Amino acid sequence: MRGAPPIRIDLVTIFPEYFEVPLALSLLGRARARGLIDARVHDLRDHATDRHRTVDDEPFGGGPGMVMKPEPWFAAVEAIPGWRAARRVLLTPAGRRLDQGLAEDLARQAHLILMCGRYEGVDERVADHLATDQVSIGDYVLAGGEAAALVVVEAVARLVPGVVGDEASLQEESFTTGLLDFPHYTRPAEFRGMGVPEVLVSGNHAEIERWRREEAARRTRARRPDLLPPLSAG
Ligand code: JF5
């Protein structure tokens, strides 16, 4: 068990089943079973007030598609104990881009509420007055916020103390160092004519460390120069 209370994560969605398997398996399933993460899923439709459990309506001003009504969102979130003190995150392509820094910030919180929109969008009053944060996982449009919320849960959960067994792997990994990871190899040393870099089987640990540092830098320069400090003039 976590000495500290578990991080509480509430997910609000019209597809609660979407989260069942990923929250039960592997790292997340183990972390929940060990009491490190208290994750709960809420059906937004339980907070609709009409017989048909309607959560969407036509946009004011016209146009294609439907907009999620504000009332079920406010009712669903306000029904969550402690909601006022929680970071209330609306997943939307219009949000702040998720990166490792934001994941670290969210992992330090006691309570997250992740709000998954569908249809063409969510009434802006939800974004302005109910959410504390709007987060995007990247510049593409999903059918709904569920997949994005799962990305946030996974990125956050593995930063919760005790969830990942080997704390050293958290320290060493890509984005904590600010560079892409170096390449990894395991047995066999030759597979279908493809070898592995000699230095890795040399037993020279100083050389191996230097090679890994250089490979990480080379890859970052080639693939993600935006991660490197800006080159100075002159
Ligand atoms: C969504 C209205 C939410 O498409 C996304 C998304 C993309 N990056 N990050 C989130 O969320 C679903 C679609 C339309 C609100």
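Nothing here was measured: the structure is a model prediction, and the numbers come from that model.

## Quick word on the site of the ligand
Inspection of the region around the ligand gives 15 residues, with I137, G138, Y140, L142 and G144 positioned closest. Here a nitrogen atom of the ligand and a backbone polar atom of G138 are 3.2 Å apart. One of the backbone nitrogen or oxygen atoms of L142 is found 2.8 Å away from an oxygen atom of the ligand. Protein contact buries 95% of the 370 Å² of open area that the ligand shows by itself. A total of 3 residues in the shell around the ligand trace back to one element, the largest contributor, which is strand β5 (residues 87–97). Broken down by class, the residue content of the shell around the ligand amounts to 8 nonpolar, 6 polar and 1 charged.

## Describing the nonpolar core
Residues I9, L11, I37, L91 and L114 are the most contacted members of the largest nonpolar core, which totals 34 residues. Secondary structure elements with two or more residues in this core: β1 (7–13), α2 (26–33), β2 (37–43), β5, α4 (100–107), β6 (111–116) and α6 (146–157). If you tally residues by element for this core, the top one is α6, at 8 residues. Not counting residues up to four positions away in its chain, the partners in contact with L114 are I9, D10, L11, V12, V89, L91, A149, V152 and V153. Ranked by size, the runner-up nonpolar core spans 20 residues in total, among them V55, V77, M115 and V122.

## Examining the environment of G117
Summarising the element assignment, G117 is placed in the loop between β6 and β7 (121–122). A relative accessible area of 10% places G117 in the buried class. Sequence separation of G117 and G145 is 28 residues, and the distance between their C-alpha atoms is 5.1 Å. In this structure G117 touches M68, W73, V122, G144, G145 and E146, once residues within four positions along its chain are discounted.

## Things to note about the pattern of salt bridges
Following the criterion strictly, the structure yields 15 salt bridges and no others. K69 is the partner of E71 in a salt bridge, and the nearest nitrogen-oxygen pair spans 3.7 Å. With a relative accessible area of 22%, K69 lands in the partly exposed category. Across the pair D123 and R125 runs a salt bridge, and its minimum N-O distance is 2.8 Å.

What counts and what doesn't
Residues numbered from 1 in each chain as written. Predicted model: local features only at pLDDT ≥ 70, side-chain atom pairs only at ≥ 80, totals over all residues. Heavy atoms only, no water. Near = heavy atom within 4 Å. Polar contact = N/O pair within 3.5 Å; in protein donor to acceptor, adjacent residues only side chain to side chain. Areas by Shrake-Rupley, 256 points an atom, 1.4 Å probe, with all protein chains shown as cover. Helix = DSSP H or I, 4+ residues; strand = E, 2+ residues; numbered from the N terminus. Nonpolar A, V, L, I, M, F, W, Y, C, P; charged D, E, K, R; others polar. Core = buried A, V, L, I, M, F, W, Y, C linked by side-chain atoms within 4.5 Å. Buried < 20%, exposed > 50% of the residue type's maximum accessible area, 1.4 Å probe, protein only. Contact = heavy atoms within 4.5 Å. Salt bridge = Lys/Arg side-chain N within 4 Å of Asp/Glu carboxyl O.

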